[in-house]
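Spelled out, the chains give:
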Amino acid sequence: MKAIVHYEYGSPDVLREGEIDKPAPGANQVLIRVRAASLNALDRHMIKKKAPAFLRAKLGMPKNMSVATPGRVGRDVAGVVEAIGENVTEFKTGDEVFGICPGSFAEYACANESRLVLKPQNVSFEEAASAPLATFTALQGLRKGLIEPGQKVLINGAAGGVGTFAVQIAKAFGAKVTGVCSTDAVELVRSIGADHVIDYTQQDFTETGLRYDLVYDLVWQHSWSASRRALKPNGKYLMAGGPASANVIGFMAREVLVIGLSSFSDRKFMMFMATSDKGDLVIIRDLMAEGKVKPVIDKRFPLNQAANAFRYAEQGHARGKVVIYVE
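Residues numbered from 1 in each chain as written. Predicted model: local features only at pLDDT ≥ 70, side-chain atom pairs only at ≥ 80, totals over all residues. Heavy atoms only, no water.

1. Some details on the overall build of the chain
And step 1. Tallying secondary structure elements over the chain gives ten helices and 16 strands in all.
And step 2. Of the contacts made within the chain by residues no fewer than 6 positions apart, 67% connect residues no fewer than 24 positions apart.
And step 3. Counting every atom, the chain has about 14400 Å² of accessible surface; 52% of that belongs to carbon and sulfur. (Helix = DSSP H or I, 4+ residues; strand = E, 2+ residues; numbered from the N terminus. Contact = heavy atoms within 4.5 Å. Areas by Shrake-Rupley, 256 points an atom, 1.4 Å probe, with all protein chains shown as cover.)

Given below as structure tokens:
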């Protein structure tokens, strides 16, 4: 079968379409005929350089790459169940599913039953594939920020892959949402439900004099002192994602600094990294089925142009998600 692989770390130039063996599902796994997958910042970071051992194990990456065990890319997936393992009880052949599946940039991929849910009929494969990792970050982050109905919430980076979901999920929770984005994305962010939109090229949200119960910052462009100005007393400032140069060690170091600064303030600063959770995937599925969350897709690339998808995403101008489709 065809799959996107790499044998070294570096730029998107290391990615290639290769022929590898079609996988067979383990006892608790589902073999998926992939229809679509989507690109996340995690995928871009993982091809740049070798991740720490603990992270490679967690992400199902090979200890050492070779012709027999190349590096694989992709984690979000949507497709049709081709076969099931002997212990699988939730799915059957022919079911349309979506969720988390390492190595999803391929014609076929195996995923654990515990990381998949049925795809709603009113949601396309591409829309479903765009959701998992980004919605985990949006939903779990807002939950960590203790979002409540009626609160004033600001999403910085509202037009990105996570941001477009965060705006809609915050609205579903009953919040009054302000989105921050560039000029060319203002109408998009307004169209997905933001009550107010700030064009960062025209105005800095930390200097407007407005205060928020929760700021969810997906960009990290402001100092602690500037960020503090955007919060109400006892407000919360949550950071996730970050600039393309961010790495695991840098993320952890900044988390220590932020927590330390928060201990001297009534305004709380927090860092956040999402985890895969089937219960949350069910919540997202239901929100999409009810029309409360509508994935925003910026561009679509065929499987054999995956490297171009990475290059496009690295430019930092994507509005919503970048999707890979498998014909």
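Moving on from the model shown.
2. A look at the nonpolar core
And step 1. The biggest cluster of nonpolar side chains holds 51 residues, and the ones touching the most others in it are L142, I155, I169 and Y216.
And step 2. Per element, the largest residue contribution to this core is six residues, and it comes from helix α4 (residues 132–144).
And step 3. Those residues in contact with I169 that sit more than four places away from it in its chain are T135, A138, L139, L142, I284, L287 and V293.
And step 4. Core analysis: the second largest hydrophobic core is formed by 19 residues, L39, F105, F301 and A313 among them. (Core = buried A, V, L, I, M, F, W, Y, C linked by side-chain atoms within 4.5 Å. Buried < 20%, exposed > 50% of the residue type's maximum accessible area, 1.4 Å probe, protein only.)

3. Examining the pairing of strand β5 (residues 76–84)
In summary, the side chains of a regular strand alternate between the two faces of the sheet.
And step 1. As judged from the eight bridges shared by strand β3 (residues 29–39) and β5, these two strands associate in the antiparallel manner. Note on β5: the bridge partner recorded for I32 is V81. (Pairing = 2+ DSSP bridges.)

4. Concerning the sheet that holds strand β12 (residues 212–217)
And step 1. On the basis of which strands lie adjacent, the open sheet formed by six strands has the order β11-β10-β9-β12-β13-β14 and parallel pairing. At either margin of the open sheet sits one strand with a lone partner, and together these are β11 (196–199) and β14 (268–271). The mean inter-strand angle of the sheet, taken between neighbouring strand axes irrespective of direction, is 15 degrees.
And step 2. By the bridge criterion, four bridges tie strand β9 (residues 152–156) to β12 in an arrangement that is parallel. (Axes fitted to C-alpha atoms, helices over the stretch in contact; angles between N-to-C directions.)

5. Side note on helix α9 (residues 278–289)
The periodicity of an α-helix, 3.6 residues per turn, causes residues three or four positions apart to be oriented the same way.
And step 1. An ideal rise of 1.5 Å per residue puts 16 Å on twelve residues; α9 measures up with 16 Å between its terminal C-alpha atoms.
And step 2. Residues of α9 that are buried: D280, L281, I284, L287 and M288. Considered in projection along α9, the buried side chains sweep an arc of 120 degrees and stay on one side of the axis.
And step 3. Tucked inside the fold, the buried residues of α9 contact β6 (96–100), β8 (116–118), α4 and α5 (161–172).
And step 4. For α9, the capping residue at the N-terminal end is D277, with a side-chain oxygen 2.9 Å from the backbone nitrogen of G279.
And step 5. Phi turns positive one or two residues past the end of α9, at G291, with a value near 80 degrees. (Expected span 1.5 Å × (residues − 1). Arc of directions from axis to C-beta. Polar contact = N/O pair within 3.5 Å; in protein donor to acceptor, adjacent residues only side chain to side chain.)

6. Quick notes on the packing of α4 against α5
And step 1. At a closest axis distance of 8 Å, the pairing of α4 and α5 adopts a crossing angle of 45 degrees. Taken together, the axis directions place α4 and α5 in an arrangement best described as oblique. For the pair α4 and α5, the crossing hand works out as right-handed. Across from A134, T135, T137, A138, L139 and L142 in α4, the residues of α5 making contact are G161, V162, F165, A166, I169 and A170.
And step 2. Considering only residue class, the contact of α4 with α5 consists of nine nonpolar, three polar and no charged. (Parallel < 35°, antiparallel > 145°, perpendicular 65-115°, else oblique. Left-handed = near helix turned anticlockwise from the far one by under 90°. Nonpolar A, V, L, I, M, F, W, Y, C, P; charged D, E, K, R; others polar.)

7. A short note on the packing of α4 against α9
And step 1. Between α4 and α9, whose axes approach to 10 Å, the crossing angle comes to 100 degrees. In this view, α4 runs roughly perpendicular relative to α9, as classed from their interaxial angle. Residue-level contacts link P132, T135, F136, L139, Q140 and R143 of α4 to D280, L281, I283 and I284 of α9.
And step 2. Here the contact of α4 with α9 is composed, by residue class, of six nonpolar, two polar and two charged.

8. Section: the sheet that holds strand β4 (residues 71–72)
And step 1. Reading across the sheet, the three strands line up as β2-β1-β4 and stay open at both edges, with antiparallel pairing between neighbours. Both edges of this open sheet fall to β2 (16–19) and β4, since each of them pairs with a single strand only.
And step 2. Looking at chain direction, strand β1 (residues 2–6) and β4 are connected through two bridges and run antiparallel. By the bridge assignment for β4, H6 is matched with G71.

9. Structural notes on the side chain of T206
And step 1. For T206, the position within the fold is in the loop between β11 and β12.
And step 2. For T206, the side chain forms a polar contact with the side chain of D204, separated by 2.8 Å.
And step 3. Excluding anything up to four places from it in sequence, T206 contacts H222, A226, S227, R229 and A230.

10. Quick notes on the side chain of Q151
And step 1. With respect to the helices and strands, Q151 occurs in the loop between α4 and β9.
And step 2. We classify Q151 as buried; its relative accessible area is 16%.
And step 3. Leave out the neighbours within four places in its chain, and Q151 touches L146, A175, K176 and D213.

11. Brief notes about the pairing of β6
And step 1. For β6, a buried count of four out of five residues is recorded, marking the element as mostly surrounded by other parts of the structure.
And step 2. Note: β5 against β6, five bridges, orientation antiparallel. Across the sheet, the residue bridging to V80 is E96, located in β6.
And step 3. Relative to β8, β6 is paired through three bridges, and the arrangement is antiparallel. Considered in β8, the bridge of F98 is made with V117.

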